[in-house]
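Topology and contacts: notes
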Amino acid sequence: MSRLHVIALGGTIAATNSGTDSASGVTPSVSASEIAAAAGLDTLPGGAPEVTFDQVAQVGSGSITLGMLDAVVASARQARTDGARGVVLTQGTDTLADSAFVLALINDSGLPIIATGAMRNPTLPGADGPANVRAAALTALDPSLAGLPSLLVFADEIHSPLTVTKAHTTSVAAFASPAAGPLGWVSEDRVILQHMPATLPGTLTVPEAGGTESVEETSEPIPPRVALVSVGFDDDLAYLAGLPAAGYAGAVIAGVGGGHVSTRAIDAVAALAEKMPVVLASRTGAGAVLERTYGYPGAEIDLLSRGLIPAKMLDADRARLLLILALRAGVPAEKLPEVFAAFRG
Ligand code: ASP
């Protein structure tokens with residue numbers, strides 16, 4: 001009999017009305033085992049897996065921390081020792097793509113962690129959580145995906161953590177991979193793959209997360225602060241000057257187009273790059289940042305010559321997460337370009 005480990009962090013998939021007053025909204029309260037029970041995992045093809053559970057947190061996904069994801073990895077490591085073949089992670093969708101990417105970098109458990117959630121909470125007609133958990137379980141147990149650290153499964157589509165993004169506030173098909181499309185899908189309880197993701201770099205280091213007790217109750221260190229700066233039309237980015245004093249250790253500039261800023265912003269960007277690592281990405285959300293096309297002031301050749309690090313194929317959100325993890329792992333400034341170079345553009 002195969003063994004599946006289900007880890008839960010909260011989110012819409014777990015959210016119900018706690019009182020009689022529906023105006024007060026839904027909050028995460030349904031447990032990991034209740035979420036799994038609704039997915040009918042006992043009728044999976046190949047026989048009912050033995051399912052184990054770990055409620056690592058019960059929060060809205062905007063409040064998920066790096067420490068919680070460390071605890072998810074620790075839980076997956078223990079599950080592997082106990083004989084599990086795959087892991088399903090349920091959480092809120094708002095940061096589901098972020099978690100999948102972080103787990104792609106730090107999951108050294110040897111088990112794939114398949115992240116999923118729901119857009120409609122369990123009190124609503126057509127709640128999508130159970131179907132998503134079932135598809136995620138099938139993906140987690142599929143032998144062809146066993147070597148991958150993480151994937152995101154939603155609305156029967158299987159997405160790479162390198163490309164997936166939440167692209168709609170309410171649609172049940174909220175997730176898309178604009179740069180590459182999904183890797184495959186789940187149909188009639190079978191995983192159908194069209195592509196495999198490009199090899200993910202090795203793990204960046206996972207400090208011991210102190211077991212799998214609820215992270216909410218423990219105080220965890222604040223990871224290095226990295227600012228995400230989306231460049232607006234005609235923006236001089238004057239506020240960048242305040243980042244060092246505010247405690248930031250790095251920044252990601254999501255430039256317009258291929259990675260550009262206004263000529264009026266060049267001085268602020270260059271001054272920041274003298275004080276901390278600054279990564280250049282694009283605000284477009286798909287494609288690689290340019291490195292050798294445009295020669296005008298404020299374009300990518302100018303900015304990279306001032307010490308900015310190209311984000312390669314990573315979008316700005318993923319570039320920020322990678323920089324946080326690299327700084328947390330103690331990667332020295334001169335080695336940071338190599339960390340990003342692994343994500344060839
Ligand atoms: N809207 C969210 C969700 O889909 C809430 C959250 O991310 O926690 O789960």
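Residue positions within a chain follow its written sequence, with the count starting from 1. Selection of residues for local features in this predicted model requires a pLDDT of at least 70, selection of side-chain atom pairs for listing and counting requires 80 or more, and totals for whole chains, interfaces and linings are taken over all residues. Only hydrogens and water are set aside; all other atoms, that is, all heavy atoms of the structure, feed into the side-chain values.

Looking at an unreviewed UniProt entry, the protein carries the name Asparaginase, with the source organism given as Brevibacterium luteolum.

A closer look at the pairing of strand β11 (residues 184-187)
When a strand is regular, its side chains alternate between the sheet's two faces. When a residue's accessible area, from a 1.4 Å probe over protein chains only, is under 20% of the maximum for its type it is buried; when over 50% it is exposed; and in between it is partly exposed. Elements are defined by DSSP. Helices are runs of H or I of four residues or more, strands are runs of E of two residues or more, and each kind is numbered from the N terminus. Residues Gly184 and Val186 line the buried face of β11, whereas the alternating positions Trp185 and Ser187 sit on a face that is not buried. As paired elements, strand β8 (residues 157-159) and β11 share two bridges and run antiparallel to each other. Bridged to glutamate 157 within β11 is tryptophan 185. In textbook terms, the turn of a hairpin is the stretch between consecutive antiparallel strands, and for β11 and strand β12 (residues 190-193) this stretch comprises two residues, one of which, glutamate 188, has a positive phi near 50°. Only strands that DSSP links by at least two bridges are regarded as paired with each other.

What to know about the sheet that holds strand β13 (residues 225-230)
Across the sheet, which stays open at both edges, the four strands sit in the order β13-β14-β15-β16 with parallel pairing between neighbours. Sheet topology places β13 and β16 (309-310) at the edges, where each strand pairs with a single neighbour. Relative to strand β14 (residues 248-255), β13 runs parallel, the two being bridged by six bridges. Of the residues in β14, the one forming a bridge with valine 229 is isoleucine 253.

Overview of the site of the ligand
Neighbouring the ligand are the residues Gly11, Thr12, Gly60, Ser61, Gly92, Thr93, Asp94 and Ala118. Each polar contact in these results corresponds to two N or O atoms within 3.5 Å; when the atoms are within protein, one needs to be able to donate a hydrogen and the other to accept it, and residues that are neighboring in sequence are counted only if both atoms are side-chain atoms. Within the side chain of threonine 93, one N or O atom sits 2.4 Å away from an oxygen atom of the ligand. Contact distances for the ligand include 3.0 Å between an oxygen atom and a backbone N or O atom of aspartate 94. When the ligand is considered free in solution it has 260 Å² of accessible area, and contact with the protein chains removes 82% of it. In the shell around the ligand, the residues fall into one nonpolar, six polar and one charged. Definition of nearness: a residue and a molecule or strand are near each other if at least one heavy atom of the residue lies within 4 Å of the molecule or strand. Note on areas: Shrake-Rupley with a 1.4 Å probe; residue coverage comes only from the protein chains shown. Each residue gets one label: Ala, Val, Leu, Ile, Met, Phe, Trp, Tyr, Cys and Pro are nonpolar, Asp, Glu, Lys and Arg are charged, and the others, such as Gly, are polar.

As for the UniProt feature "binding site: substrate" (unreviewed entry) in the protein
UniProt positions are given in the numbering used here, feature names are shortened, and annotations may be inferred rather than shown by experiment. When the UniProt feature table is mapped onto this chain numbering, "binding site: substrate" (unreviewed entry) sits at Ser61, Thr93 and Asp94. Taking the farthest pair of C-alpha atoms as the criterion, the annotated set spanning 34 residues converges on one region, since that pair is 6.8 Å apart. Here threonine 93 is to be found in the loop between β5 (86-90) and α3 (96-106). For threonine 93, the contacting residues outside a window of four places in its chain are Ser61, Gly117, Ala118, Met119, Phe154, Lys166 and Phe175. We call two residues contacting when some pair of their heavy atoms lies within 4.5 Å.

Quick look at the pattern of salt bridges
Should a side-chain nitrogen of Lys or Arg be within 4 Å of a carboxyl oxygen of Asp or Glu, the pair is scored as a salt bridge. Using the criterion set out here, one finds twelve salt bridges in the structure. Between glutamate 188 and arginine 190 there is a salt bridge; the shortest N-O distance is 3.4 Å. Classification of glutamate 188 by relative accessible area gives exposed; the value is 69%. Arginine 264 serves as the salt-bridge partner of aspartate 234, at 3.0 Å between the closest nitrogen and oxygen. With aspartate 234 in the loop between β13 and β14 and arginine 264 in the loop between β14 and α5 (266-275), this pair connects stretches of sequence that are 30 residues apart.

Regarding the sheet that holds β5
The strand order across the open sheet built from eight strands is β4-β1-β5-β6-β7-β8-β11-β12, with neighbouring strands paired in mixed fashion. Looking at strand neighbours, the two that pair on one side only are β4 (50-59) and β12, the edges of this open sheet. On average, each strand axis in the sheet is tilted by 25° relative to the strand beside it, whichever way the strands run. Pairing of strand β7 (residues 150-154) with β8, which is carried by three bridges, proceeds in the antiparallel orientation. As a rule, the C-alpha atoms of each element are fitted with a line to give its axis, helices using only the stretch in contact, and angles between N-to-C directions run from 0 to 180 degrees.

Points about the confidence of the model for the protein
On average, residues of the protein carry a pLDDT of 93, and 94% of them reach 70 or more. A score from 0 to 100, pLDDT tells how confident the predictor is in each residue. Here residues 209-213 scores under 50 on pLDDT; set against residues more than four positions off or in separate chains, the count is eleven contacts.

Concerning the packing of aromatic side chains
Pairing of aromatic side chains requires ring centres within 6.5 Å, counting the rings of Phe and Tyr and the six-membered ring of Trp. Pairs whose planes differ by under 30 degrees are stacked, by over 60 edge-to-face, and all others tilted. In this structure the tally under the stated criterion is three aromatic pairs. Aromatic pair phenylalanine 101 and phenylalanine 343: ring centres 6.2 Å apart, planes at 55°, arrangement tilted. Taken as a pair, phenylalanine 101 in helix α3 and phenylalanine 343 in the segment after α8 (336-341) lie far apart in primary sequence, 242 residues in all. Of the two residues, phenylalanine 101 and phenylalanine 343, both sit in the buried class. Ring geometry for phenylalanine 154 versus phenylalanine 175: centroids 4.8 Å apart, planes at 45°, classification tilted. Here phenylalanine 154 is found in strand β7, whereas its partner phenylalanine 175 is found in strand β10 (residues 175-176), with 21 residues between them in sequence. Among the residues examined, phenylalanine 154 registers a relative accessible area of 1% and is labelled buried.

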